[in-house]
Amino acid sequence: MSTRTNLILTAAAGSAAMLLGAWGFQYIGEMAPCKMCYWQRYPHAAAFVIGVLAIFMPGRWLPLLGGFAALATSGIGFYHTGVERGWWEGPSTCTSGPIGGLTPEQLMEQIMSAPLTRCDEVPWELFTLSMASWNALISLGLAAIWFAAARASR
């Protein structure tokens, strides 16, 4: 197999492994994903499909697309990490709003309309890094592999 094919297989398998890991946490570990967790999965799925196509189609544009998909999920992961750490606010549909000055009725309405799984809470971490942080870092590495495959496509 060519270097290009090996790199594509590695990058596509990496995205598939990330998806399988996310599903494992969801279904085996019973950790419901938040809205931003789902957002991080879509580029991995796209990268996997791109990888399958790139194995059979020559050229460098598909590996480049795979690299941009990996960069997209990495960017979402870094953004999600910032929301989890309180560095910035996340989407209003994913976090809780302030409760100061709310009437009991307004507070109850906010509680009832709150998402089941909030984006600003860290449900699991390893070496002080959350799942979103690990996704961001690993996906950055996958992007480098994709871009190496594009370079090998010349």
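The structure under discussion appears in the preceding block.
Residues numbered from 1 in each chain as written. Predicted model: local features only at pLDDT ≥ 70, side-chain atom pairs only at ≥ 80, totals over all residues. Heavy atoms only, no water.

1. Describing the environment of arginine 85
Point 1. Position of arginine 85 among the secondary structure elements: in helix α3 (residues 61–85).
Point 2. In sequence terms arginine 85 and glutamate 121 are 36 residues apart; their C-alpha atoms lie 8.2 Å from each other.
Point 3. Ignoring sequence-local partners within four residues, the contact set of arginine 85 consists of Val122, Glu125, Thr128, Leu129 and Ser130.
Point 4. Among the polar contacts made by the side chain of arginine 85, one reaches the main-chain carbonyl oxygen of threonine 128 at a distance of 2.8 Å. (Helix = DSSP H or I, 4+ residues; strand = E, 2+ residues; numbered from the N terminus. Contact = heavy atoms within 4.5 Å. Polar contact = N/O pair within 3.5 Å; in protein donor to acceptor, adjacent residues only side chain to side chain.)

2. What about the pattern of salt bridges?
Point 1. This model, assessed by the stated rule, comprises one salt bridge.
Point 2. With its nearest N and O atoms 3.8 Å apart, the salt bridge here joins arginine 85 to glutamate 125. Of this pair, arginine 85 sits in helix α3 while glutamate 125 sits in strand β1 (residues 125–126), and the two are 40 residues apart along the sequence.
Point 3. Since its relative accessible area comes to 43%, glutamate 125 is described here as partly exposed. (Salt bridge = Lys/Arg side-chain N within 4 Å of Asp/Glu carboxyl O. Buried < 20%, exposed > 50% of the residue type's maximum accessible area, 1.4 Å probe, protein only.)

3. Some points on the side chain of serine 153
Point 1. Assignment of secondary structure puts serine 153 in the segment after α5 (131–152).
Point 2. A polar contact is formed between the side chain of serine 153 and the backbone oxygen of glycine 59, at a distance of 3.3 Å.
Point 3. Every residue in contact with serine 153, bar those within four places of it in the chain, is listed here: Arg4, Gly59, Arg60 and Pro63.

4. Comments concerning the packing of aromatic side chains
Point 1. Throughout the structure, instances matching the rule amount to four aromatic pairs.
Point 2. Look at tyrosine 79 and tryptophan 88: their rings are 6.4 Å apart centre to centre, the planes differ by 10 degrees, and that puts the pair in the stacked class.
Point 3. Looking at tyrosine 79, the relative accessible area reads 32%, which means it is partly exposed.
Point 4. Taken together, Tyr79, Trp87 and Trp88 form an aromatic cluster joined through their ring pairs. (Phe/Tyr/Trp six-rings, centres within 6.5 Å; stacked < 30°, edge-to-face > 60°.)

5. Here we look at helix α2 (residues 35–56)
Point 1. For α2, built from 22 residues, the straight-helix expectation of 32 Å at 1.5 Å per residue is met to within 8% by its first-to-last C-alpha distance of 34 Å.
Point 2. Within α2 the residues assigned to the buried category are Met36, Gln40, Arg41, Pro43, His44, Ala47, Ile50, Gly51 and Ala54. (Expected span 1.5 Å × (residues − 1).)

6. A short note on the layout of surface pockets
Point 1. In this model, the largest pocket occupies a volume close to 550 Å³.
Point 2. Around the largest pocket sit 29 residues that line it, and Ala22, Phe25, Cys37, Met131 and Ala132 are the ones nearest its centre.
Point 3. Counting only elements with at least two residues in the lining of the largest pocket, the list comes to α1 (3–28), α2, α3 and α5.
Point 4. Take the lining of the largest pocket: its biggest share by element is seven residues, from α1. (1 Å grid on protein atoms, 1.4 Å probe; cavity = no way out; pocket = protein on both sides within 12 Å on 5 of 7 lines; lining within 4 Å. Points joined across faces, edges and corners; volume = space filled by probe spheres on them.)

All quantities given are derived from atomic positions and should not be read as evidence of function.
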